[in-house]
Structures are given as C-alpha cells and as structure tokens.
Amino acid sequence: MAINLEKGQRQNIAAPKFTVGLGWDTNTSATGQAFDLDASIFILGANGKLISDSHFVFYNNLTSPDGAVEHTGDNLTGAGDGDDEKITVDLARISQDVAEICFVVTIHQAAERRQNFGQIRNSFIRIVDTANTELVKYELDEDFSIETAVEFGRLYKRNGEWKFEAVGSGLKGGLQDFLNKYN
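The present account deals with the structure reproduced in this document. (Residues numbered from 1 in each chain as written. Predicted model: local features only at pLDDT ≥ 70, side-chain atom pairs only at ≥ 80, totals over all residues. Heavy atoms only, no water.)

Let us now look at the sheet that holds strand 1 (residues 3-5). Spatially, six strands are ordered 1-10-9-3-7-6 in an open sheet, and the strand pairing comes out mixed. Because the sheet does not close on itself, it has two edges, and the strands there are strand 1 and strand 6 (69-71). Averaged over neighbouring strand pairs, the angle between their axes works out to 15° when direction is ignored. With three bridges joining them, strand 6 and strand 7 (residues 85-90) adopt antiparallel strand pairing. Bridge assignment links Val-69 to a residue of strand 7, and that residue is Val-89. (Pairing = 2+ DSSP bridges. Helix = DSSP H or I, 4+ residues; strand = E, 2+ residues; numbered from the N terminus. Axes fitted to C-alpha atoms, helices over the stretch in contact; angles between N-to-C directions.)

On to the packing of aromatic side chains, then. Counted by the stated rule, this structure contains six aromatic pairs. Here the aromatic rings of Phe-58 and Tyr-59 are separated by 5.4 Å at their centres, their planes lie at 75°, and the arrangement is edge-to-face. Summarising the aromatic geometry, the rings of Phe-178 and Tyr-182 are spaced 6.3 Å apart at their centres and angled 20° between planes, so their arrangement reads as stacked. Of this pair, Phe-178 and Tyr-182 are both found in helix 2 (residues 175-182), four residues apart, which corresponds to roughly one turn of the helix. We note that Phe-178, like Tyr-182, is buried. Each residue in the set Phe-42, Phe-56, Phe-58, Tyr-59, Phe-178 and Tyr-182 is aromatic and connected to the rest through ring pairs, giving one cluster. For the cation-ring pair, Lys-137 lies above Phe-124, with the distance from its terminal atom to the ring centre recorded as 4.6 Å. (Phe/Tyr/Trp six-rings, centres within 6.5 Å; stacked < 30°, edge-to-face > 60°. Buried < 20%, exposed > 50% of the residue type's maximum accessible area, 1.4 Å probe, protein only. Lys NZ or Arg CZ within 6 Å of the ring centre and 35° of its normal.)

What follows concerns the pattern of salt bridges. Considering all chains together, one arrives at seven salt bridges under this definition. Between Arg-10 and Glu-165 there is a salt bridge, with its nearest N and O atoms 3.2 Å apart. Highlighted residues: Arg-10 in strand 2 (residues 10-12) and Glu-165 in strand 12 (residues 161-171), separated in sequence by 155 residues. Looking at Arg-10, the relative accessible area reads 45%, which means it is partly exposed. You can call Glu-165 buried: its relative accessible area is 11%. (Salt bridge = Lys/Arg side-chain N within 4 Å of Asp/Glu carboxyl O.)

Moving on: the layout of surface pockets. In this structure, the largest pocket encloses a volume near 160 Å³. Considering the residues around the largest pocket, the lining is formed by 14 residues, among which Ile-107, His-108, Gln-109, Gly-174 and Leu-175 are closest to the centre. Elements that contribute at least two residues to the lining of the largest pocket include exactly strand 8 (100-107) and helix 1 (110-113). Partitioned by chemical class, the residues of the lining of the largest pocket number five nonpolar, six polar and three charged. (1 Å grid on protein atoms, 1.4 Å probe; cavity = no way out; pocket = protein on both sides within 12 Å on 5 of 7 lines; lining within 4 Å. Points joined across faces, edges and corners; volume = space filled by probe spheres on them. Nonpolar A, V, L, I, M, F, W, Y, C, P; charged D, E, K, R; others polar.)

Within the largest apolar cluster, 39 residues are counted, with the highest numbers of intra-cluster contacts made by Phe-18, Ile-87, Ile-101, Phe-103, Phe-117, Leu-155 and Phe-164. Of all elements in the fold, only strand 3 (17-26), strand 4 (37-44), strand 7, strand 8, strand 9 (120-129), strand 10 (134-140), strand 11 (149-158) and strand 12 reach the threshold of two or more residues within this core. The next biggest cluster of nonpolar side chains, apart from the first, holds 11 residues, and it includes Phe-42, Leu-44, Leu-50 and Val-104. (Core = buried A, V, L, I, M, F, W, Y, C linked by side-chain atoms within 4.5 Å.)

Turning our eyes to something else, we now look at the pairing of strand 4. The buried count for strand 4 comes to eight of eight residues, which makes it a mostly enclosed element. Of the two faces of strand 4, the one carrying Leu-37, Ala-39, Ile-41 and Ile-43 and the one carrying Asp-38, Ser-40, Phe-42 and Leu-44 are both buried. With eight bridges joining them, strand 4 and strand 8 adopt antiparallel strand pairing. Within strand 8, the position partnered with Phe-42 by the bridge is Cys-102. Both strand 4 and strand 5 (residues 56-57) contribute to a ladder of two bridges, which runs antiparallel. By the bridge assignment for strand 5, Ile-41 is matched with Val-57.

Without other data, these values stay purely geometric and don't point to any function.
As structure tokens, then:
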C-alpha cells in the first residue's frame, strides 16, 4: 500500500529499481495558449551541485552518464490520466558520486504564455516499483500563483540508504532559477 506524504515528509526507498511518475492537469487558461510542462532531473554530488552538465537529465538529454536515470520522453500536452512524464531510476547502477536526485517540473515558455503553477491542478509525484506497485505519493496542494517551476521531490542518500523527500518548493524564474541553484 502506498504511503501518502505531506510536504517535508521523508520515506526510505528500498526498491533498487523504480519509476518516478509526475502528473498534473491544467485549468482552462485565459491566455489562449496550451500548457507544456517539462520534468527535469538534477543529479547532484555531496556539494549540492550538478556533478557535470550531462547529469542534468531532461527532454534533450534523456539519460544520465551512468545510465541509472532515464527520462522516458516529453509529454507536450499533459492530456489523460496518470503519469504525464516518467523517469526510471536504477540505484544499482548509480555512480558513487551521486548524493541527491532532484525532480523539477517547469512550464515551457511560461513568461511568453503568461502561465504559472496557480493554473495547474492535481499535481503529484509518485514512486512505483517494477511491479507497478505505488510505494509513495505526494500530492502538491499548494497554490503556486506566481511560480513557473516547482521542485516536486528529491531522492537523497544518507548512511548508505536512499530516502525520498516530498519538497513542493516553487520558484518564479522558471528552469533557469534551478539551473542557477544547482550549477
């Protein structure tokens, strides 16, 4: 049975291989523009920074250098139920240099389209094992009325164990704010 987390809660992740699913629905936009949300993954070292540029996994760089983190592709519309974008993680293959993996969702061309996360609903991040059993889920219920990028959650290693933390932290500068933070 899945554990539903609240913001800031943490949970051990014992499964060596799993999928991180990110989902959302968009409200009807008065901007007249379609929403295109993008999942990005920042693979960080012990210093809290990207290990290298290729450790930034997103729709134009789908796989980490060690092959342990793979983005399954960009969903341009978010249509339908369930996970809109998925990332597979194989902790058995992850480099020893990796201390943390952050999962961020941004709105593509948010400023030009006058869009923000206040116009997004039913946002969540979840982890499912290889049998498609949901292990943890975090539903974002905050109103991010000006933010255009949100860190949904993160995996981090402490004392040789991997844990998931429900983050739910937004920034209004889009993906660039997270690139500045982690680069």
